[in-house]
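Chains, contacts and geometry: an overview
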Amino acid sequence: MKQLHVEASTYCNARCPLCPRSLYGYKVEGVYPEMHLTKDKLQVALDRFPELEYVYFNGHLGDPMMNPNIADLVEMTKCNTDMTTNGSLGTQKSWERIAQHNVGVRFSIDGLEDTNHLYRRNVQWHKVMENAKAFIEAGGLARWRMLVFKHNAHQLEEAEQLSKDMGFGAFDINGGYTFSAI
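The structure presented is a predicted model; accordingly, all values stated were derived computationally and were not measured. (Residues numbered from 1 in each chain as written. Predicted model: local features only at pLDDT ≥ 70, side-chain atom pairs only at ≥ 80, totals over all residues. Heavy atoms only, no water.)

Examining the sheet that holds strand β1 (residues 3-7)
Short version of the rule: Two strands are said to pair when DSSP picks up at least two bridges between them. Working definition: helices are DSSP H or I runs of at least four residues, strands are E runs of at least two. Numbering for both runs from the N terminus. Angles here are taken between N-to-C directions and fall from 0 to 180 degrees, while the axes themselves are lines fitted to C-alpha atoms, restricted in helices to the stretch in contact.
One open sheet accounts for six strands, arranged β1-β4-β5-β6-β7-β8; its pairing is parallel. Looking at the sheet topology across the chains shown, the edges are occupied by β1 and β8 (170-173). Across the sheet, the mean angle separating the axes of adjacent strands is 20 degrees when strand polarity is ignored. Across four bridges, strand β5 (residues 80-85) lies against strand β6 (residues 104-108) in parallel orientation. Bridged to Asp 82 within β6 is Gly 104.

And the structure:
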């Protein structure tokens, strides 16, 4: 499969303790220069690889939803496209636009309201739920990806049930990288 891994932004609102962008949840200056991928730069990559079958907007260097043009970037892809995000960013309109392009979104949600913020620091639960709901209701293909820790392991069944109740297509524990099962 001809794939393109895209980092749409090196900005992130979360301060996850194990992220290379931070040290125990605190921003480390100079680790990654903070920037957003432009539409022009993405177009250069798309033109260079015209037979792409899959584009993945990853949240490794930053959260793709930090890019103010993420919906435009997603619309530029003409093949299977996935994204990983902490889910707390974006507007209802941006989530609806992304959903209209059959983009699979992996929401990294590590527990429930009382535990998600323990690892996903600075991430507001109500925004994650609001955005996931907007995306799913607009027809989006959503996965709930939960990293299991000692502080949230007791919530696995309840989190999985909430994911089903909300309309997530899958519930992954510590990973899961394809939407083909949805």
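Anyway, onward from the coordinates.
What to know about the pattern of salt bridges
This is how it is decided: The rule for a salt bridge is simple: a side-chain nitrogen of Lys or Arg has to be within 4 Å of a carboxyl oxygen of Asp or Glu. Burial classes: relative accessible area under 20% of the type maximum marks a residue as buried, over 50% as exposed, and values in between as partly exposed (1.4 Å probe, protein chains only).
Here the structure, examined in full by the defined rule, presents seven salt bridges. The partner of Lys 39 in a salt bridge is Asp 72, with the nearest N and O atoms 3.7 Å apart. With Lys 39 in helix α1 (residues 39-48) and Asp 72 in helix α2 (residues 70-76), this pair connects stretches of sequence that are 33 residues apart. Accessibility expressed as a relative area gives 39% for Lys 39, which makes it partly exposed. Among the charged side chains, a network of salt bridges with common partners joins Lys 39, Asp 72, Glu 75 and Arg 97.

Concerning the confidence of the model for the chain
As a general rule, the predicted coordinates of low-pLDDT regions are not to be interpreted in detail. To keep it simple, the criterion reads: Per residue, pLDDT captures the predictor's confidence, and it can take any value from 0 to 100. Contacts were defined at the residue level, with two residues in contact if any of their heavy atoms lie within 4.5 Å.
Here the chain shows a mean pLDDT of 90. Residues at 70 or above account for 90%. Across the chain, helix α5 (residues 125-137) holds the top mean pLDDT of 98, while strand β3 (residues 26-27) sits lowest at 64. Counted against residues more than four places away or in other chains, residues 176-182, with its pLDDT under 50, gives 19 contacts.

Observations concerning the pairing of β5
Rule in force here: Here is how to tell: hold the view so the strands point away, follow the path from the first strand over the helix to the second, and if it runs clockwise the crossover is right-handed.
When you tally the buried positions in β5, you get five out of six residues, the bulk of the element. Pairing analysis gives four bridges linking strand β4 (residues 54-58) to β5, with the strands arranged parallel. In the sheet register, Val 55 faces β5, and the bridge partner there is Thr 81. Chirality of the crossover, the property in question, places the unit of β4, α2 and β5 among those that are right-handed.

Side note on the nonpolar core
What tends to happen in soluble globular proteins is that the nonpolar side chains get buried as a cluster. Defined as follows: Grouping buried Ala, Val, Leu, Ile, Met, Phe, Trp, Tyr and Cys residues that are joined through side-chain atoms within 4.5 Å yields what is termed a nonpolar core.
One finds Phe 57, Ile 70, Met 83, Ile 98, Phe 107 and Trp 144 to be the most contacted residues of the largest nonpolar core, which totals 46 residues. When residues of this core are traced back to their parent elements, those giving at least two are β1, α1, β4, α2, α3 (92-99), β6, α5 and β7 (141-146).

A word on the packing of aromatic side chains
One pair of aromatic rings is described through two measures. These are the centre distance and the angle between the planes. Here is the rule: Working definition: rings of Phe, Tyr and Trp (its six-membered ring) pair if their centres are within 6.5 Å, and the pair is stacked with planes under 30 degrees apart, edge-to-face with planes over 60 apart, and tilted otherwise.
Under the definition given, this model contains nine aromatic pairs. With a centroid separation of 5.7 Å and an interplanar angle of 70 degrees, the aromatic rings of Trp 95 and Phe 135 are classed as edge-to-face. One end of the pair, Trp 95, is in helix α3; the other, Phe 135, is in helix α5, and 40 residues separate them in sequence. For the residue pair Trp 95 and Phe 135, the accessibility class agrees, reading buried in each case. Measuring from centroid to centroid gives 4.8 Å for Tyr 119 and Phe 149, while their planes differ by 35 degrees, and the two rings are tilted. Remark: Phe 149 occurs in the loop between β7 and α6 (156-166) and Tyr 119 occurs in helix α4 (residues 116-119); sequence separation between them is 30 residues. Among the residues examined, Tyr 119 registers a relative accessible area of 10% and is labelled buried. Residue Phe 149 is classed as partly exposed on the basis of its relative accessible area, which comes to 23%.

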